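Descriptive structure summary
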Amino acid sequence: NINNSVKYMQLAAQSSFKGKSDRSKYSKAALLCANIGKIRAAYRKKLKAKDNDKRQVATAMWVIDRLALRVGGEKDTEEEADTVGCCSLRVEHLHFDPNGNNTEEGDRKILEIELEFLGKDSMLFKQTIDFGAEMYNENNGMGEQVFKNFETFCKRKKDTDEVFNDLTPTILNTHLKEIMDGLSAKVFRTYNASITLQDELRKTEELSHWNDLTVAEKVTEYNNANRQVAILCNHQKTVSRAQETALETFGDKITKLKKQKGVLKKILAALNTGKNAKKIPLKKDEKKLTEKVAKSIAKAKKMKENATTNEEKIAATEADLAAKQSRRDLADKKFEQAHLWEKTPSKDQVAKKIQSWTQKIAKAEMNLKHKDDNKEVSLGTSKINYMDPRISVAWCKRNEVPIEKIFSKTLTGKFNWAMAVLPEWEFNAEIGKQG
């Protein structure tokens, strides 16, 4: 630029160049659909190799594929956080038999290792992996052999020694590229994230009652599938105190809705029997309070506009805070008597409102469960970076779910190249060949 310095510009997420790059990334991952069987067979064969270097490469491949770990690289821990990937795992990051369960369960041994380290962005990766579990051993998965390899790699080593002492990120990345052009740990993560999402969504669509679900219920099932991907990729987030408070408030709201439904049932019983009909609670007039709140808001706004001195600005801020609080109080007041009428209702009115409150409670409970389940999991990271958006678009079209329920406006713009896919579109090797 005019100052003789380099100025970097980043293309917008919605740009065609970025779109082509994203499409290419997902197409490359789709190529693994045709090659994953051969790749897995090759590294499984080497898991029992006598040569230690080959065994370490094969074990690292298994970890990257099945546990979705990043390759990891050397870094100056005095300058940067001590984040870890597969190649930089140290003995201290592996805790063998953390629960003291290294015994037999039925006809198999429990082979557990707790992996605990800081991953990308200093997010804690802490998972107990049972290498003897069926999911890691079915179809010649070799989970038990990987456990034995870890035992061997950690023997006679200090806690600060590297598990894969004969393996570097350069060696592993070179090996990956030899297997398939452009193959990397990220391609594995993208493939596993996309195929997991597709498989999880297909499972829900096969449910006998699937077509009876509402759009909101289908979105919840989508989010459940999304959560499985986020857990696989260790996409976590820290739960803030504000989130905890919001969940408590939401729970209190559900409790109030249930109490209101109970009152409605009593009102209906009173109308049916004719007893205590005169004692039916009615809604109190909110007009005066509404007007008072409107005046306080208008007054605070005027004070802010006219304030010039520090004293006037402080007074205007205090008036604004008071006005906002009065508005919240009004909203609470309206919610407290939202189930009531100004005049004695008919039986039909009460019956309809009971039905409406039942639906409100069900929806609120579903939302609370969703918020609670996902409070420590970041669904957005996998959705933005790892799950092929065409899977989600096709799912929405198949199930008549508006895309806005799945993607934000920003993501819809970012993935505009994916919006034209047909409902029957699938993430497979053919997609990879198309590029």
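Fair warning: this is a prediction, and the values are worked out from it, not measured in the lab.

Attention now moves to the confidence of the model for the protein. Mean pLDDT over the protein: 88, with 95% of residues reaching 70 or higher. Confidence scores differ between elements of the protein, with strand 2 (residues 104–105) showing the lowest mean pLDDT of 58 and helix 14 (residues 389–399) the highest of 96.

As a further point, take the sheet that holds strand 5 (residues 124–130). Strands sit in the order 1-4-5 across an open sheet of 3 strands; the sheet is antiparallel. Two strands bound the open sheet, and with one partner strand each, they are strand 1 (94–96) and strand 5. Between one strand axis and the next, the sheet turns by 15° as a mean value, whatever way the strands run. Pairing analysis gives 3 bridges linking strand 1 to strand 4 (residues 112–118), with the strands arranged antiparallel. In the sheet register, H95 faces strand 4, and the bridge partner there is E114. Those strands touched by helix 5 (residues 143–154) are strand 1 and strand 4, and its axis lies near 110° from that of strand 1.

Approximately 740 Å³ is the volume attributed to the largest pocket. Residue lining of the largest pocket: 23 residues in total, with R66, M135, N192, T196 and L232 positioned closest to the centre. Looking at the lining of the largest pocket, the elements with two or more residues in it are helix 2 (32–46), helix 3 (52–67), strand 5, helix 4 (134–137), helix 7 (185–205) and helix 8 (215–232). The biggest single contributor to the lining of the largest pocket is helix 7, with 7 residues.

Below, the discussion takes up the pairing of strand 4. With 5 of 7 residues buried, strand 4 is to be regarded as a mostly interior element. With 7 bridges joining them, strand 4 and strand 5 adopt antiparallel strand pairing. Residue pairing for strand 5: L118 is matched across the bridge by L124. What sits between strand 4 and strand 5 in their antiparallel hairpin is a turn of 5 residues, with D121 showing a positive phi close to 60°.

Applying the stated rule across the entire model yields 15 salt bridges. Linking E205 and R398 is a salt bridge whose minimum nitrogen-to-oxygen distance equals 2.9 Å. Residue E205 is found in helix 7, and its partner R398 is found in helix 14; the two are separated by 193 residues along the sequence. Note on E205: relative accessible area 19%, which makes it buried. Note that D320 and K324 form a salt bridge whose closest N and O atoms lie 3.4 Å from each other. With D320 and K324 both in helix 11 (residues 310–336) and 4 residues apart, this pair spans about one turn of that helix. Through salt bridges with shared partners, one network takes in R202, E205, R398 and E426.

A few words on the nonpolar core. Counting residues in each nonpolar core, the largest one holds 80 residues, and the members touching the most others are L32, W62, F131, F150, F164, L172 and F188. When sequence neighbours within four positions are dropped, the list of residues in contact with F164 reads Q56, T59, A60, C86, C87, L89, F150 and F153.

Right, let's get into the packing of helix 8 against helix 12 (residues 347–373). Look at helix 8 against helix 12: their axes get within 11 Å of each other, and the N-to-C directions meet at 10°. Classed by the angle they form, the pair helix 8 and helix 12 counts as roughly parallel. Counted together, A216, E217, T220, N223 and R227 of helix 8 and M366, H370 and D373 of helix 12 form the full contact between these two elements. Each residue belonging to the contact of helix 8 with helix 12 can be placed in one class, and the counts come to 2 nonpolar, 3 polar and 3 charged.

Moving on to the packing of aromatic side chains. What characterises a pair of aromatic rings is the spacing of the ring centres plus the angle enclosed by the ring planes. By the definition in use, this model includes 15 aromatic pairs. Between Y26 and W417 the ring centres are 6.3 Å apart and the planes differ by 25°, which places this aromatic pair in the stacked class. Taken together, the residues Y26 in helix 1 (residues 16–30) and W417 in the loop between helix 15 (409–414) and helix 16 (429–434) connect sequence positions 391 residues apart. As far as the burial class goes, Y26 and W417 line up, both buried.

Let's shift gears to the side chain of K218. Within the fold, K218 resides in helix 8. Look at K218: it is buried, it has no salt bridge, and the nearest opposite charge is E400 at 6.1 Å. Within polar-contact distance, the side chain of K218 engages the backbone oxygen of N399 at 3.4 Å. In contact with K218, other than residues within four places in its own chain, are W210, L213, W395, N399 and V401.

With 12 residues, helix 5 ought to run about 16 Å at 1.5 Å a step, and its terminal C-alpha atoms sit 17 Å apart, in line with that. Within helix 5, burial applies to G143, Q145, V146, F147, N149, F150, F153 and C154. Close packing links the buried residues of helix 5 with helix 3, strand 1, strand 4 and helix 4. Trailing helix 5 by a residue or two, R156 shows a phi angle of about 55°, which is positive.

Parameters and conventions
- Residues numbered from 1 in each chain as written.
- Predicted model: local features only at pLDDT ≥ 70, side-chain atom pairs only at ≥ 80, totals over all residues.
- Heavy atoms only, no water.
- pLDDT = per-residue confidence, 0-100.
- Helix = DSSP H or I, 4+ residues; strand = E, 2+ residues; numbered from the N terminus.
- Pairing = 2+ DSSP bridges.
- Axes fitted to C-alpha atoms, helices over the stretch in contact; angles between N-to-C directions.
- Contact = heavy atoms within 4.5 Å.
- 1 Å grid on protein atoms, 1.4 Å probe; cavity = no way out; pocket = protein on both sides within 12 Å on 5 of 7 lines; lining within 4 Å.
- Points joined across faces, edges and corners; volume = space filled by probe spheres on them.
- Buried < 20%, exposed > 50% of the residue type's maximum accessible area, 1.4 Å probe, protein only.
- Salt bridge = Lys/Arg side-chain N within 4 Å of Asp/Glu carboxyl O.
- Core = buried A, V, L, I, M, F, W, Y, C linked by side-chain atoms within 4.5 Å.
- Parallel < 35°, antiparallel > 145°, perpendicular 65-115°, else oblique.
- Nonpolar A, V, L, I, M, F, W, Y, C, P; charged D, E, K, R; others polar.
- Phe/Tyr/Trp six-rings, centres within 6.5 Å; stacked < 30°, edge-to-face > 60°.
- Lys, Arg positive; Asp, Glu negative; His and termini not counted.
- Polar contact = N/O pair within 3.5 Å; in protein donor to acceptor, adjacent residues only side chain to side chain.
- Expected span 1.5 Å × (residues − 1).

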